Amino acid sequence: MDHGCHFMELAMACERTFIAIKPDGVQRGLVADILGRFERKGFKLVGLKLLTPSRALAEQHYGVHRERPFFAGLVAFITSGPVVAMVWEGEGVIASARVLIGATKPLEAAPGTIRGDLAVDIGRNVVHGSDGPDTAQFEIGLWFQPEELSSWQPADQAWRSEA
């Protein structure tokens, strides 16, 4: 399956991840800041949309937590307003995104991370990121149709591949 990774990149190194700016991040006007952090890091945006998730989408997204006491709260929150859903591509993007995002509990997140800088409460922690390759593939397929993802070549690709 072509994920838009190019021949100059190692097939195993080029990957995609799902990132969502949650309703609290959208409503607080943090979209540009969060999106910019991924751009400045050098990752390639291949999917982007704004939507208020349906209950069915939210329940599928958080399905692994279905039996947990906080499941209903997760679903209620993520469906409470618009979410910015994104797919980012690049070498090591899944692990790197997790570092950029910071610890799930914002008060434990390091300064400089999205949650460390912008969030205080675990229930309102601004952003979601896939935690591994299988989760990323599942979440991308859940939130995006294949035709909603764009494969494109950055203008600076030539000099990046010379390094």
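Residues numbered from 1 in each chain as written. Predicted model: local features only at pLDDT ≥ 70, side-chain atom pairs only at ≥ 80, totals over all residues. Heavy atoms only, no water.

Trainee: Requested: an account of the overall build of the chain, with residues and values cited.
Mentor: When helices and strands are tallied, the chain shows eight helices and four strands. Helices and strands appear in the chain in the N-to-C order β-α-α-β-α-α-β-α-α-β-α-α. Evaluated residue by residue, the chain yields a buried proportion of 45% over its 163 residues. Considering only contacts within the chain whose residues lie at least 6 apart along the sequence, 77% involve residues at least 24 apart. (Helix = DSSP H or I, 4+ residues; strand = E, 2+ residues; numbered from the N terminus. Buried < 20%, exposed > 50% of the residue type's maximum accessible area, 1.4 Å probe, protein only. Contact = heavy atoms within 4.5 Å.)

Trainee: Please provide a residue-by-residue account of the environment of Arg98, values included.
Mentor: As for its placement among the helices and strands, Arg98 is situated in helix H5 (residues 93-101). In this structure the C-alpha to C-alpha distance between Arg98 and Gly132, which are 34 residues apart in sequence, comes to 9.4 Å.

Trainee: Describe the sheet that holds strand E1 (residues 14-21), naming the residues involved and giving the relevant values.
Mentor: An order of E2-E3-E1-E4 is seen for the four strands of this open sheet, with the pairing classed as antiparallel. Two strands in the sheet have a free side with no partner beyond their single neighbour: strand E2 (44-51) and strand E4 (127-129). Adjacent strand axes in the sheet meet at a mean angle of 20 degrees when their direction is disregarded. One ladder, built from seven bridges, connects E2 with strand E3 (residues 83-91); its direction is antiparallel. The partner of Leu50 across the bridge, within E3, is Val84. The strands touched by H5 are E1, E3 and E4; relative to E1, the strand with the most contacts, the crossing angle is about 30 degrees. (Pairing = 2+ DSSP bridges. Axes fitted to C-alpha atoms, helices over the stretch in contact; angles between N-to-C directions.)

Trainee: Describe the nonpolar core, with residues and values.
Mentor: Core analysis: the largest hydrophobic core is formed by 23 residues, its most contacted members being Ile19, Ile34, Phe38, Met86, Trp88 and Ile114. Those elements that provide at least two residues to this core are E1, helix H2 (31-41), E3, H5 and helix H6 (114-118). If one sorts the elements of this core by residue count, H5 sits on top with five residues. Here Trp88 is in contact with Glu15, Arg16, Thr17, Ile19, Leu35, Phe38, Glu39, Phe43, Lys44, Leu45 and Val93, once residues within four sequence places are set aside. Among the nonpolar cores identified, the runner-up in size contains 17 residues, and Tyr62, Val75, Ile78 and Leu149 belong to it. (Core = buried A, V, L, I, M, F, W, Y, C linked by side-chain atoms within 4.5 Å.)

Trainee: Talk me through the UniProt feature "binding site: ATP" (unreviewed entry) in the chain; I want residue IDs and the actual numbers.
Mentor: Sequence positions flagged by UniProt for "binding site: ATP" (unreviewed entry) are, in local numbering, Lys22, Phe70, Arg98, Thr104, Arg115 and Asn125. Structurally, Arg115 can be placed in helix H6. Look at Arg115 and you get buried, because its relative accessible area is 5%. If sequence neighbours within four positions are ignored, Arg115 has contacts with Ile101, Gly102, Ala103, Thr104, Pro106, Ala109, Asn125, Val127 and His128. With respect to the secondary-structure elements, Asn125 resides in the loop between H6 and E4. The contacts of Asn125, once residues within four sequence positions are left out, are Lys22, Asp24, Thr104, Pro106, Arg115 and Ala119. Separated by 2.6 Å, the side chains of Asn125 and Lys22 make a polar contact. (UniProt positions renumbered as here; feature names shortened; annotations may be inferred. Polar contact = N/O pair within 3.5 Å; in protein donor to acceptor, adjacent residues only side chain to side chain.)

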